[in-house]
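# Examination of the molecular architecture
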There are 2 protein chains.
Amino acid sequence: MSTTAEGASRVLVVEDDPHLAAGVMENLRAEGYEVAAAGDGEQALEWLRANRCALVVLDVMLPGVDGLAVCRTMRDEGNSTPVLFLTARGDPADRVRGLEAGGDDYLSKPFHLQEFLLRVRAILRRWDWYRSASATAATAVLRFGGNEVDFRAFRARAWNGEAQELTEKEAMILKVLAEHAGEIVSREDLLERVWGYDVFPSTRTVDNFILRLRKRFERDPANPRHFLTVWGVGYRFLAEGEP
Amino acid sequence: MSTTAEGASRVLVVEDDPHLAAGVMENLRAEGYEVAAAGDGEQALEWLRANRCALVVLDVMLPGVDGLAVCRTMRDEGNSTPVLFLTARGDPADRVRGLEAGGDDYLSKPFHLQEFLLRVRAILRRWDWYRSASATAATAVLRFGGNEVDFRAFRARAWNGEAQELTEKEAMILKVLAEHAGEIVSREDLLERVWGYDVFPSTRTVDNFILRLRKRFERDPANPRHFLTVWGVGYRFLAEGEP
DNA sequence: CAGCTCTATGACCATTCGGTGACATTCGTC
DNA sequence: GACGAATGTCACCGAATGGTCATAGAGCTG
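Residues numbered from 1 in each chain as written. Chains lettered and ligands numbered in written order. Predicted model: local features only at pLDDT ≥ 70, side-chain atom pairs only at ≥ 80, totals over all residues.

A word on the overall build of chain A. Secondary structure summary: chain A contains eight helices and 12 strands in total. A burial count over chain A gives 33% of its 243 residues as buried. Sequence-distant contacts, at least 24 apart, represent 54% of the contacts inside chain A between residues at least 6 apart. (Helix = DSSP H or I, 4+ residues; strand = E, 2+ residues; numbered from the N terminus. Buried ≥ 20, exposed ≤ 12 C-beta atoms within 10 Å, placed from the backbone. Contact = placed C-beta atoms within 7 Å.)

Here is the structure:
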């Protein structure tokens, strides 16, 4: 990211599940953030006393000092860094507790990476320390090969004028592919970005969604020009027909 | 009018009590917001015509032009900046009046600053979420499919000429949906926008209100053309029938 | 305080979507 | 060209979701 102004876009991730922490951190790095990690509340508070960052991603359930207490302590110590809470439970009251503890937003696991990144961007945009969102700005409307997809409505018009109603998963897969147009996206990447961390259907499920997308948007689904197979690896989306 | 600062986190406080104004402003600044002040309605409107901001905190009782009138005027002038009303009285009817005038939330004095900040955050968060909206100006009268709804009176005339009295919740849900016509609005978004950040009826409650709106305004409630379901996500309002 | 309206919830049923397995097909490799 | 592995394709099933109604509770009004 071009505007890595000092430590402005540094993020602290406080999460005790190594798998989840790794996934989150990797994706934040891919977005251009500098990332620090803490495995428990004490570590987090210690780090925060010595360092500054643009955002703290904080698991509510932590060994020792829990996330809510960490946030309260931060605030008591005069640290007003934005906090995004992650929580296992879906209890809406948790959300209120998080906000009352001084948090800024709240996301319950398992979450889609897309949504996680959206929230991170939203928080940082609000604090105005991060203004180059344009680079990865999610486009609301995608056009390719005569098709037109509106991601805000999960709605599309195919090349033949036919109106299409996408399901949630179809839309998300298409979005991930389109955001990496021209690049190879593995089935594993798709599973992680669309389904989240805890749920892992077989990779055949991905194939099926590709099939559905082809049926919707390819003129000749058997000879795809937009949803290409990369044999042994995954798929690749092209907005233009054969390059 | 090209304001130098990106208006993302600027807040205008319109309050004639200097003591209260100072306290509110100080706390907003501590949270990282840039703050502007106006002592009466005229000043506020003038400032709003020349500047942009993320939120207006507006006292209902003001010398000269009162808060409700300020909000109505803003809306009439096409300004859709979120408004948080402050009021001395605890009269629940005030809340309705505030919402009718085009406000987004309502807080009665005396309030805890903590709660005030929570509301501010909640409003800005959902505003962020909706910022990509098609900038549908908050209209007082909504027309779709032969129906005509007057949000100021919670009154409507259905396509068959039948007069309808909307309840508060019905009207608010319809309003939120209409403001984001064509886009998907999740049940959670609706709950937060209509009920508030800390009240959580079940999502089935939302379904029921959709049901009622369909009964009131759809020619064939079983095959809705305006209040569409997006499976697994939420609802979508269309002013036009299937285009 | 009795009656009304509005809101919230639970129960029951209809529907949709997502995930899987079976089989056909294609690709890469030998 | 043949073989094995990966993918394309299809049809089906279960689970989760939503539609709908009945009813209970909350709050207002007279």
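Here the focus is the protein's contact with DNA strand C. Around DNA strand C lies a shell of 23 residues, among which T167, K169 and P201 of chain A together with T167 and P201 of chain B are the nearest. Contributions of two or more residues to the surface near DNA strand C are made by α6 (168-179) and α8 (203-217) of chain A together with α6 (168-179) and α8 (203-217) of chain B. In terms of residue class, the surface near DNA strand C is built from five nonpolar, nine polar and nine charged. (Near = placed C-beta within 6 Å. Nonpolar A, V, L, I, M, F, W, Y, C, P; charged D, E, K, R; others polar.)

Let us look at the interface of chain A and chain B. The interface is formed by 19 residues belonging to chain A together with 22 residues belonging to chain B. At the level of secondary structure, the elements contributing two or more residues to the side of chain A that touches chain B comprise α4 (92-100) and α5 (113-127) of chain A. Its residues assigned to classes, the side of chain A that touches chain B shows eight nonpolar, two polar and nine charged.

DNA strand D sits among 24 residues. The nearest are D207, A222 and T229 of chain A together with D207 and T229 of chain B. Of all the secondary-structure elements, those providing two or more residues to the surface near DNA strand D are α8 of chain A together with α8 of chain B.

The subject of this paragraph is the sheet that holds strand β11 (residues 227-230) of chain A. Residue and element names in this part refer to chain A. Strand order in the open sheet formed by three strands is β10-β12-β11, and the pairing between neighbours is antiparallel. Looking at strand neighbours, the two that pair on one side only are β10 (184-186) and β11, the edges of this open sheet. Looking at each pair of strands side by side, their axes are set apart by 35 degrees on average, direction ignored. Two elements, β10 and strand β12 (residues 234-237), share three bridges in a ladder whose sense is antiparallel. Across the sheet, residue V185 finds its bridge partner in β12, namely Y235. (Pairing = 2+ DSSP bridges. Axes fitted to C-alpha atoms, helices over the stretch in contact; angles between N-to-C directions.)

Next up on the list: unusual backbone geometry. All names here are of chain A. Omega for the peptide link from K109 to P110 comes to -5 degrees, which places this bond in the cis form. Looking at where P110 falls in the secondary structure, it is placed in the loop between β5 (105-108) and α5. Here F154, not a glycine, exhibits a phi torsion of approximately 55 degrees, which is positive. F154 gets classed as buried once you count the C-beta atoms within 10 Å, which come to 22.

The description of two helices packed together rests on the angle between their axes and the distance between the axes. Residues and elements named next belong to chain A. The N-to-C vectors of α6 and α8 enclose an angle of 90 degrees; their axes lie 10 Å apart at closest approach. In terms of orientation, α6 and α8 fall into the roughly perpendicular class. In contact with K169, E170, I173 and L174 of α6, α8 contributes F209, R212 and L213. Its residues placed into classes, the contact of α6 with α8 shows four nonpolar, no polar and three charged. (Parallel < 35°, antiparallel > 145°, perpendicular 65-115°, else oblique.)

For the rest of this paragraph, the subject is the pairing of strand β7 (residues 147-150) of chain A. All names here are of chain A. Of the two faces of β7, the one lined by N147 and V149 is fully buried and the one lined by E148 and D150 carries no buried residue. Of the pairings in the sheet, the one linking strand β6 (residues 141-144) to β7 comprises four bridges and is antiparallel in character. Note that in β7 the partner of R143 across the bridge is E148. Hairpin remark: β6 followed by β7, antiparallel, with two residues in the connecting loop; positive phi at G145, about 50 degrees. Here β7 runs beside strand β8 (residues 155-157); their pairing, made up of three bridges, is antiparallel. Bridge pairing in β8 links V149 to A156. What sits between the antiparallel neighbours β7 and β8 is a turn of four residues, in which F154 has the positive phi angle 55 degrees.

All names here are of chain B. On the secondary structure map, L84 appears in strand β4 (residues 83-87). Separated by 27 residues in sequence, L84 and V57 have C-alpha atoms that sit 4.8 Å apart. Apart from the residues within four sequence positions on either side, L84 is in contact with L55, V57, L58, D104, D105, L107, R119, V120 and I123.

Turning our eyes to something else, we now look at the pairing of strand β2 (residues 34-38) of chain B. Residues and elements named next belong to chain B. Examined bridge by bridge, strand β1 (residues 10-14) and β2 share five bridges and lie parallel to one another. Paired with L12 across the bridge in β2 is A36. In the classification by handedness, the crossover that spans β1, the intervening helix α1 (residues 18-30) and the parallel β2 is right-handed. (Right-handed = clockwise from strand over helix to strand, strands pointing away.)

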